[in-house]
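Inside the fold
Residue-level listing of the chains:
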Amino acid sequence: MSSIKQVINDAVEKGKEVYEKVRQPNPIRLRDLIRQIRSAKTAAEERAVVNRECAYIRLTFREEDSVWRCRNVAKLLYIHMLGYPAHFGQMECLKLIASPRFTDKRIGYLGAMLLLDERQDVHLLITNSLKNDLNSSTQFVQGLALCTLGAIASPEMSRDLAGEVERLLKSSNAYIRKKAAVCALRIICRVPELMEMYLPATRSLLSEKNHGVLITGVTLITEMCRQSPDMLAHFKKIVPNLVRILKNLIMAGYSPEHDVQGVSDPFLQVKILKLLRILGCGDSEASETMNDILAQVATNTESSKNVGNAILYETVLSIMDIKSESGLRVLAINILGRFLLNADKNIRYVALNTLLRVVHADNSAVQRHRSTILECLKDADISIRRRAMELCFALINGNNIRTMMKELLTFLEKAEPEFKASCSSKCVLAAEKYSPNVRWHIDTLLKVVEAAGNHVPDDVVSSTIQLISETRTEQAYAVGELWRHLSIAQMEYQPMIQVATWCIGEFGDLLLSGHADVTVVESELIDIYQKILWSSQCSITTKEYALTSLMKLSARLTHEIGSIQQVVSAFGSHLNIELQQRGIEYSQLFTRHNHMRGPLLERMPPFEGTRAGTEQDKATITNGVDTPLDNESLLNDLTSPNNNAHETSESNALLDLLGGMEPGDSDTIKSTSTSISLTVASTPSVNADILDLLGGLDSGPAASVPTTNMNEAPPTQLPNSSNAAYLLDGLLNNSTPIISSPSSPVTNSAGTIPTSNSIYPLVLQKSSIPGITAYDKNGIRLDMAFELQETLITINLIASNNTGAQVTDFLFQAAVPKSIQLQMLNPSGTNMAPTASLTQLIKVNNPNKVPLRMRIKLSWLANGSPVQDQGEISNFPSALWQ
Amino acid sequence: MMQFMLLFSRQGKLRLQKWYEAHPDKVKKKITRELISTILARKPKMSSFLEWKDLKIVYKRYASLYFCCAIEQQDNELLTLEVIHRYVELLDKYFGSVCELDIIFNFEKAYFMLDELMVGGEVCETSKKNVLKAIAAQDLLQEDEIVEMALRDIGLI
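None of the values given here were measured: they were computed from a predicted structure. (Residues numbered from 1 in each chain as written. Chains lettered and ligands numbered in written order. Predicted model: local features only at pLDDT ≥ 70, side-chain atom pairs only at ≥ 80, totals over all residues. Heavy atoms only, no water.)

Examining the overall build of chain B
Threshold: Under the DSSP-based scheme used, a helix requires at least four consecutive residues in state H or I and a strand at least two consecutive residues in state E, with every element numbered from the N terminus. Residue burial considers only the protein chains on display, and all accessible areas are found by Shrake-Rupley using a 1.4 Å probe.
Looking only at helices and strands, one finds five helices and seven strands in chain B. Element order for chain B, N to C, with α for helix and β for strand: β-β-α-β-β-β-α-α-α-β-β-α. Accessible surface, chain B as shown: approximately 6300 Å² in total, 55% of it carbon and sulfur.

What follows is the structure, given as structure tokens:
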């Protein structure tokens, strides 16, 4: 028999040779083309070979050469893989598919899957061929068609061929059934309405013995349940069937056909577990039914190989998602804990990922694996370290903060630059939330700033400064620590220098008076500052910090004032305009305005309650910046102590910016409303009138000196007061010259304005005082209505948008003469559609009954482009103060 | 569901690409380029998984060839490693200790094998034997056709 075959084969070979000689020219074989391309030494050479071949292939396509079509398309597919265009082969693929030969069909369908996708128009043509082949009598032709449909079905094809697939789903041939099931899956993904059609046939797929049909059947049901709640409800009843199938899988003995390293068909097991998860999610009855089997899988699965762990991983996910018993959940978390100790990095990776997902639900169970998780901070794999870090932060609480922070600081020190910023921010948040005491808190923040080097984000710098500024008792300690850091500092790490110079500037007297643990001589201090100021490694921002700080020191030191003056005036000719301006302005304080220097350089009052991370403040931060608060809740908030403090700090900061010289005794200012009025009233006469300040745009540098903020505050870290942040930005940002700050807003706090609900009507009733139009330019109109109660004027401001454009980020700022107090409540919004409007309540207390004037500044984005304007309102009805 | 599978060499040459989600050619090329360079830059100490857009990328190196799959968020990455391994085993059985060259010169065969293992991004056959049987039967169909054609050409039938 075999010899006959041999003879025929020989004859065939010989025949083929003859045949190929007769037909000239013969296309080269795929194999030879691949060889030619591979032997090309340069990209250009390769291109030449490919182009030549493509030209030839196009020619034969044009000649409708059907003998070599199959070979040519195959070559084209290779060329396509190399990245060359091959769209001209699409039609040829369709022709191959239509050929009766299996070889042609096989390559044709392969080409169709590679060259067409669901976006192509040729789909109409292929649909017909697919229909024919789905009805073929050869199972492999049907198989090819199903496989192609499964890969490229578009919604139109799905509709056209849904019926054929449904028929094949009931075929007696398992080979066809399993492929039809995946096609059905693809079809319902494209056209969900067709789901009903497959329901009856799908149900019977689960009673199969063939694993191919089972797995595709389970996959199909999973997708149906995921897409439709009705289906989900319908398939609840198959939970016992699934449990049985899974049980049989794990209980059955060794079956060589489906065994993978001692595990019976892991592919099927995982699919069933996933379906159980969907069916059991939020359903206690279904969860009850599967509890046992999940426990069995969790305990019986061999965990030494990846395959077993794949199943355990899926089991854990299912246990955590369904309403499982608490014992089972602990078991699941313990499996993950074991994963963390696994030598395989992939398994550690999924464990951390999964723990991150469940840590909020089962924190205490995850806590037990804390030490293992901490170990993962030292893992060789960066993505494992990243996840371990995130998980660590999720695990921090009041009890473990000390140990966790210690580990995290070690991690931060060695971490990649990309981690440092986010890690240090998170450390600050965690310390804020859980710090056991202030000393520890300060120490931690300083360590964070030190460990993260130049990668410290600005918010960490400002949080640190703020913490020190508001804890009076620890200032001496902090400043001592900072001095130690500064005296050995390497000039390349800016954040530490910034924190240190700011604090030493503020509290330098504590350093010198020996309150801190260290003793410092004034000249040492000046030396360090000179080093910083003349270092080429220090950034401009750092030098700005240092220069202002040095200036502050001039009011704290006794002997070295002369050398300070020398350094400062040297900056009058600095190349950087910001530093130059500071240099010149500060020099004025030594000469012409020497009498102001002392009060001007007083210590800043502490900024309070707005550090990043205090939970209650988180809400208020967003409120303060742009989310409008409805009036009622605002009034409620006003009475809560926390919010009081917060309001106060806002006003402190603002007052400070303007006056900059109220008595620096922070304790009296702290959150007591009455003391605010004091500070308002006590603004010394040397200070320019607020209105002058606002009008100071055109005055020279000397005039703007008093407005310069000596009390340099951390940038952008007064988030509840967008105004203040804006001002500070102006100061610290080189691009904004200092001189622009006078035009910035002034908002005095509600200090003495009584805050009982009764006198703040939510909607102002008709008033006897006529309203005014305060502003009507650029398409924005401001109308004011008034309500007067003794000295208290409530202004209801209505801003309307007639620009015809979308107005966003609308900001109204106002300032009044200083004997008047002004409080601006949050506006009803910051965005206005065309013709829409927004409202804002303004409260003005005018105890001295002086004529009311108001300086205003408006800014908004009209269709995204910024518009700004300012002006003065002096047409207030005199009834308001008479 | 698997969204696509790429096979590429250590030199970054694409050897096989299977897409189960439609993308324009340009996008496919961009994704391929991006993933190849990302994966080749990873160190051996790193895990086989990476997050990429909203997908999970699972890759594994076998000799000079990288197998890289993109799966969805709800899919099991450890099991995907098993799918890759199963595919490698099948190729190995079929070619007899497979190497990169086998896949280069017989890329269509490698595609056929993948299509028997997976349809539309889902595993549709978990028995190695069944996959190899189906491939062998189809190869036989092709051979029969060649014989038949040759016989017809030389006038035997």
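Next comes the rest of the write-up.
Let's talk about the sheet that holds strand β3 (residues 772–777) of chain A
Residue and element names in this part refer to chain A. Selection criterion: By the convention used here, strands pair only if DSSP detects at least 2 bridges between them. For helices, the fitted line uses only the C-alpha atoms of the stretch in contact; every axis is such a line through C-alpha atoms, and the angle between N-to-C directions lies from 0 to 180 degrees.
The five strands are arranged β3-β4-β5-β8-β7 in an open sheet whose pairing can be described as antiparallel. Unpaired on one side and paired on the other, β3 and β7 (821–824) mark the two borders of the sheet. Each strand of the sheet is rotated relative to its neighbour by a mean of 20°, with strand direction disregarded. Sheet analysis places strand β5 (residues 792–801) next to strand β8 (residues 837–845), joined by nine bridges and oriented antiparallel. Considered in β8, the bridge of I793 is made with V844.

So, the pairing of strand β1 (residues 2–9) of chain B
Residues and elements named next belong to chain B. Which entries qualify depends on this criterion: Between buried and exposed lies partly exposed: a residue is buried under 20% and exposed over 50% of the maximum accessible area for its type, with that area taken using a 1.4 Å probe on protein chains only.
The element β1 is largely enclosed, with a buried count of eight among its eight residues. Here β1 runs beside strand β5 (residues 65–71); their pairing, made up of seven bridges, is antiparallel. Bridged to M5 within β5 is C69. Sheet topology places β1 next to strand β2 (residues 14–19); five bridges connect them, and they run antiparallel. Note that in β2 the partner of M5 across the bridge is K18. Joining the antiparallel neighbours β1 and β2 is a turn of four residues, in which G12 adopts a positive phi near 85°.

With respect to the side chain of S383 of chain A
Condition: Only heavy atoms matter for contacts: two residues are in contact if any of them lie within 4.5 Å across the pair.
Within the secondary structure, S383 of chain A sits in helix α22 (residues 382–395). By relative accessible area, which is 10% here, S383 of chain A ends up buried. In this structure S383 of chain A touches Y349 of chain A together with R42 and S47 of chain B, once residues within four positions along its chain are discounted.

Topic: a nonpolar patch on the surface
Going by this rule: Patch rule: a residue counts if its relative accessible area is over 30% and it has no salt bridge; like charges are joined within 9 Å, and nonpolar side chains (Val, Leu, Ile, Met, Phe, Trp, Tyr) within 5 Å. For this document, the term salt bridge refers to a Lys or Arg side-chain nitrogen within 4 Å of an Asp or Glu carboxyl oxygen.
On the surface, M91, L124 and L125 of chain A cluster together to form a nonpolar patch covering roughly 310 Å² of accessible area. Within the fold, L125 of chain A resides in helix α7 (residues 123–134).

Quick word on the interface of chain A and chain B
Quick note on the threshold: By buried area we mean how much accessible surface two parts lose on assembly, using a 1.4 Å probe and totalling the loss over both. A 3.5 Å cut-off defines polar contacts: any pair of N or O atoms within that distance qualifies, except that in protein one atom must be a possible hydrogen donor and the other a possible acceptor, and neighbouring residues in sequence count only when both atoms are side-chain atoms. Residue classes follow a fixed rule: Ala, Val, Leu, Ile, Met, Phe, Trp, Tyr, Cys and Pro count as nonpolar, while Asp, Glu, Lys and Arg count as charged, and any other residue, Gly among them, counts as polar.
Residue-level contacts link 78 residues of chain A with 72 residues of chain B. When the area that chain A buries against chain B is broken down by residue, the three leading residues are M81, R106 and F267 of chain A, summing to 13%. On inspection of chain A and its partner chain B, the count reaches nine salt bridges. A salt bridge links E51 of chain B to R387 of chain A; its shortest N-O distance comes to 3.0 Å. Applying the counting rule to chain A against chain B returns 24 residue pairs in polar contact (both at pLDDT 80 or more). The residue inventory of the side of chain A that touches chain B, partitioned by class, reads 37 nonpolar, 16 polar and 25 charged.

Notes on the sheet that holds β2 of chain B
All names here are of chain B. Strand order in the open sheet formed by five strands is β2-β1-β5-β4-β3, and the pairing between neighbours is antiparallel. At either end of the open sheet lies a strand with only one pairing partner, and these are β2 and β3 (49–52). Geometrically, the sheet is characterised by an average inter-axis angle of 20° between neighbouring strands, direction not taken into account.

Side note on the state of the cysteines
Residue and element names in this part refer to chain A. Spelled out, the test is: Here, two cysteine sulfur atoms that lie within 2.5 Å of each other are counted as a disulfide.
Per the counting criterion, the structure on display carries zero disulfides over all chains. Left unpaired, C183 is separated from the closest cysteine sulfur, that of C147, by 7.9 Å. Look at C183 and you get buried, because its relative accessible area is 1%. No disulfide involves C427; its sulfur sits 4.3 Å from that of C423, the nearest cysteine. A residue is classified by how much of its surface remains accessible, and C427, at 0% relative accessible area, is buried.

What about empty space enclosed by the protein?
Put simply, the rule is: With a 1 Å grid laid over protein atoms only, a set of points is called a cavity when a 1.4 Å probe fits there but cannot get out and a pocket when it is open yet has protein on both sides within 12 Å along at least five of seven lines; lining residues have an atom within 4 Å of a point. Grid points are joined across faces, edges and corners, and a volume is the space filled by probe spheres set on the points.
Counted under the stated rule, the structure contains 10 cavities of 30 Å³ or more. Size it by volume and the largest cavity reaches roughly 190 Å³. Forming the boundary of the largest cavity are 17 residues, of which K271 of chain A together with L79, T80, V83 and V123 of chain B lie nearest the centre. Only α15 (266–280) of chain A together with α2 (77–95) and β7 (122–123) of chain B provide two or more residues apiece to the lining of the largest cavity. When residues of the lining of the largest cavity are assigned to their parent elements, the largest contribution, four residues, is made by α15 of chain A. Here the residues of the lining of the largest cavity are counted per class, giving 10 nonpolar, three polar and four charged.

Focus on the pattern of salt bridges
Residue and element names in this part refer to chain A. In total, this model carries 49 salt bridges over all chains according to the counting rule given. The closest approach of N and O atoms between D362 and R329, which form a salt bridge, is 3.6 Å. Taken together, the residues span a long stretch of sequence, with D362 in the loop between α19 (345–358) and α20 (363–367) and R329 in helix α18 (residues 326–341) at a distance of 33 residues. As far as the burial class goes, D362 and R329 line up, both buried. K552 is the partner of E506 in a salt bridge, and the nearest nitrogen-oxygen pair spans 2.5 Å. Residue E506 is found in helix α28 (residues 494–512), and its partner K552 is found in helix α30 (residues 540–553); the two are separated by 46 residues along the sequence. Salt bridges linked by common partners bring E64, R69, E92 and K95 together as one network.

As for the packing of aromatic side chains
Filter applied, for reference: Pairing of aromatic rings covers Phe, Tyr and Trp, the last through its six-membered ring, and needs centres within 6.5 Å; plane angles under 30 degrees mean stacked, over 60 mean edge-to-face, and all others mean tilted. Remark: a charge is flagged as sitting over a ring if the NZ atom of Lys or the CZ atom of Arg is within 6 Å of the ring centre and within 35 degrees of the ring normal.
Within the structure shown, the criterion is met by 16 aromatic pairs over all chains. The structure contains a cluster of three or more aromatic residues connected by ring pairs, namely Y78 of chain A together with F107 and Y111 of chain B. It is R106 of chain A that lies over the ring of F112 of chain B; its NZ or CZ is 3.9 Å from the centre. The ring of Y477 of chain A has R439 of chain A lying over it, and the distance from NZ or CZ to the ring centre is 3.7 Å.

Some points on the confidence of the model for chain B
It should be kept in mind that the predicted coordinates are not to be read in detail where pLDDT is low. Our working rule: The predictor attaches a confidence to each residue, and that confidence, scored 0 to 100, is pLDDT.
Mean pLDDT over chain B stands at 93; residues scoring 70 or higher make up 100%. Confidence metrics for the complex model read pTM 0.68 and ipTM 0.96.

Topic: the nonpolar core
Here is the rule: Take the buried Ala, Val, Leu, Ile, Met, Phe, Trp, Tyr and Cys residues and link them wherever side-chain atoms come within 4.5 Å; each set so joined is a nonpolar core.
Ranked by size, the top nonpolar core spans 278 residues in total, and within it Y198 of chain A together with Y87 of chain B carry the most contacts. Ranked by residues supplied to this core, first place goes to helix α10 (residues 174–190) of chain A with 11 residues.

Observations concerning the packing of helix α2 (residues 30–39) of chain A against helix α4 (residues 69–81) of chain A
Residues and elements named next belong to chain A. Quick reminder of the rule: If an angle is under 35 degrees, it is roughly parallel; if it is over 145, roughly antiparallel; if it lies from 65 to 115, roughly perpendicular; otherwise it is oblique. Should the near helix be turned anticlockwise from the far one by less than a right angle, the crossing is left-handed, and should it be turned clockwise, the crossing is right-handed.
For the pair α2 and α4, the least separation of the axes is 9 Å and the interaxial angle reads 30°. Compared by their axis directions, α2 and α4 come out roughly parallel. Classified by chirality, the crossing of α4 by α2 is right-handed. Counting all contacts with α2, which are made through L30, L33, I34, I37 and R38, the residues of α4 involved are R71, A74, K75, Y78 and I79.

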